[in-house]
Amino acid sequence: MTTEASSIPAHLDPSTYPRIHHDATHNIHLTLTYSPLDANTYLAQTSSPTAGANTLFLGTTRDTFEGRSVSQLSYTTYPPLVLKTLTAIAEDAVKKHQLKGVSIAHRLGVVPIGEASIAIAVSSGHRAASWRAGEEILEACKERAEIWKREEFVDGGMEWRANADRDAEGNLVKKDGS
Amino acid sequence: MASVSEKRLESSSTGAFTIHYFATASQYTSKNTERLPAPLPLSELYPLLEERYPGIREKVLGSCGVSLESEYVDIQEDAHKVIQVGDEVAIIPPVSSG
């Protein structure tokens, strides 16, 4: 028999990426890729003559976690679920803030320290909607998007991270109020 | 129905479903994916995994979600559902994008 253990499922095979989803009705663009993220691409996707505000968020990889030096980090995802989740997040934001466009891109595999792991571009008629929507989309992604980060440390060892353990300022979240 | 000999062929496409593990679940099982015998009632999924990977229920599965054919299922409320031959199941640990 061929060894099932050694075969890589499609969602972990970089050659099956990028996975791209485009909804022309809401001007939503989603990208999952093993290549570096290009901010200009996402800004161009959401640009519109009807937009007066265009915001871009880049989440970049940090070299420490709680003082421990991170040597390398990498991401994996499960496209059947994450594309549905990201679509729902983007659609909600478009409707709530009357956005002209949303682009969410996440990089997979090893992301060198200092490079972007997530890019969010948002355009709207006026600035308040873009600022707010950008933050809301990011927080929703952190909470719900089926993507996992693995950190490897200089001092050895590795850990899978869980966003629910940290708030937007990087502080530890108390699990139980009691 | 599959014959007894066919049922023994876990690695064949007959009588099996695919289960994907991510993050802490893949770490615990040392696998990204495997095939398990189907059909299997959803209520028997966690007991089966506990049997194969002792301790996984308490250490990993307690904080995980489960998807069946790209839809989240509730291991308790949907206990009556049955994982069919060819279905795709995923164990979804707490996420960490960004």
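Only a predicted model underlies this, so the values are computations on that prediction, with no experimental measurement involved. (Residues numbered from 1 in each chain as written. Chains lettered and ligands numbered in written order. Predicted model: local features only at pLDDT ≥ 70, side-chain atom pairs only at ≥ 80, totals over all residues.)

Student: Explanation requested: the overall build of chain A in the structure shown.
Tutor: Across its full length, chain A holds three helices and 10 strands. When the backbone C-alpha atoms are referred to their principal axes, chain A occupies close to 55 × 50 × 30 Å. A buried classification covers 33% of the 178 residues belonging to chain A. Within chain A, contacts between residues separated by at least 24 positions form 70% of all contacts whose residues are at least 6 apart in sequence. (Helix = DSSP H or I, 4+ residues; strand = E, 2+ residues; numbered from the N terminus. Buried ≥ 20, exposed ≤ 12 C-beta atoms within 10 Å, placed from the backbone. Contact = placed C-beta atoms within 7 Å.)

Student: Sorry, what's going on with the pairing of strand E7 (residues 88-92) of chain B here?
Tutor: The two faces of the sheet receive side chains in turn, since in a regular strand these alternate between them. Residue and element names in this part refer to chain B. Extensive coverage of E7 is indicated by the burial of four of its five residues. Looking at chain direction, strand E1 (residues 16-21) and E7 are connected through four bridges and run parallel. Bridging across to E7, tyrosine 21 finds its partner in isoleucine 91. The sheet contact formed by strand E4 (residues 65-68) and E7 spans four bridges and is antiparallel. Across the sheet, the residue bridging to glycine 65 is isoleucine 92, located in E7. (Pairing = 2+ DSSP bridges.)

Student: What is the right way to read the interface of chain B and chain A from this model?
Tutor: Reports of interface size often rely on the accessible area that becomes lost once the parts have come together. Across the contact, 21 residues belong to chain B and 27 residues belong to chain A. Put simply, the parts of the chain that give the side of chain B that touches chain A at least two residues each are helix H2 (23-29), strand E2 (33-37) and E7 of chain B.

Student: Help me out: how do you make sense of the environment of Glu69(B) in this one?
Tutor: Tracing the backbone through its elements, the reader meets Glu69(B) in the loop between E4 and strand E5 (71-73). Not counting residues up to four positions away in its chain, the partners in contact with Glu69(B) are Asp87(B) and Glu88(B).

Student: Please clarify how unusual backbone geometry should be interpreted in this entry.
Tutor: With the exception of glycine, the majority of residues adopt a negative phi angle, and the majority of peptide bonds are in the trans configuration. For the bond running from Tyr17(A) to Pro18(A), omega is 0 degrees, close enough to zero to count as cis. Relative to the helices and strands, Pro18(A) resides in the segment before strand E1 (19-23). Looking along the chain, the bond that leaves Ala38(B) and enters Pro39(B) is cis, with omega of 0 degrees. Mapping Pro39(B) onto the fold places it in the loop between E2 and strand E3 (40-41). Despite not being glycine, Glu69(B) has its phi angle at roughly 50 degrees, a positive value.

Student: How do you make sense of the sheet that holds strand E3 (residues 53-60) of chain A when you look at a structure like this?
Tutor: Remark on secondary structure: sheet strands pair via backbone hydrogen bonds, oriented parallel or antiparallel. Residue and element names in this part refer to chain A. Strand order in this open sheet of five strands is E1-E2-E6-E8-E3, and the pairing throughout is mixed. Among the strands making up the open sheet, the edge pair consists of E1 and E3. Pairwise comparison of adjacent strand axes, ignoring direction, gives a mean angle of 5 degrees for this sheet. Sheet topology places strand E6 (residues 101-107) next to strand E8 (residues 116-124); six bridges connect them, and they run antiparallel. Note that in E8 the partner of serine 103 across the bridge is alanine 121. Sitting on the sheet, helix H1 (residues 39-46) is in contact with strand E2 (28-33), E3, E6 and E8, with an inclination near 25 degrees to E8. Contacts between helix H2 (residues 79-97) and the sheet are confined to E1, E2, E6 and E8, with E2 contributing the most and set at about 150 degrees to the helix. (Axes fitted to C-alpha atoms, helices over the stretch in contact; angles between N-to-C directions.)

Student: Honestly, the UniProt feature "binding site: substrate" (unreviewed entry) in chain A in this entry has me stumped. Any pointers?
Tutor: Sequence positions flagged by UniProt for "binding site: substrate" (unreviewed entry) are, in local numbering, His126(A), Arg127(A), Lys142(A), Lys149(A), Arg150(A) and Glu151(A). Judged by maximum C-alpha separation, these annotated positions cover 26 residues in sequence and are scattered in space, the widest gap reaching 38.4 Å. As for its position among the elements, Arg127(A) is in helix H3 (residues 127-144). Given 12 C-beta atoms within a 10 Å radius, Arg127(A) is considered exposed. For Lys142(A), a count of 20 C-beta atoms within 10 Å gives the class buried. For Lys142(A), the contacting residues outside a window of four places in its chain are Asn163(A), Ser97(B) and Gly98(B). (UniProt positions renumbered as here; feature names shortened; annotations may be inferred.)

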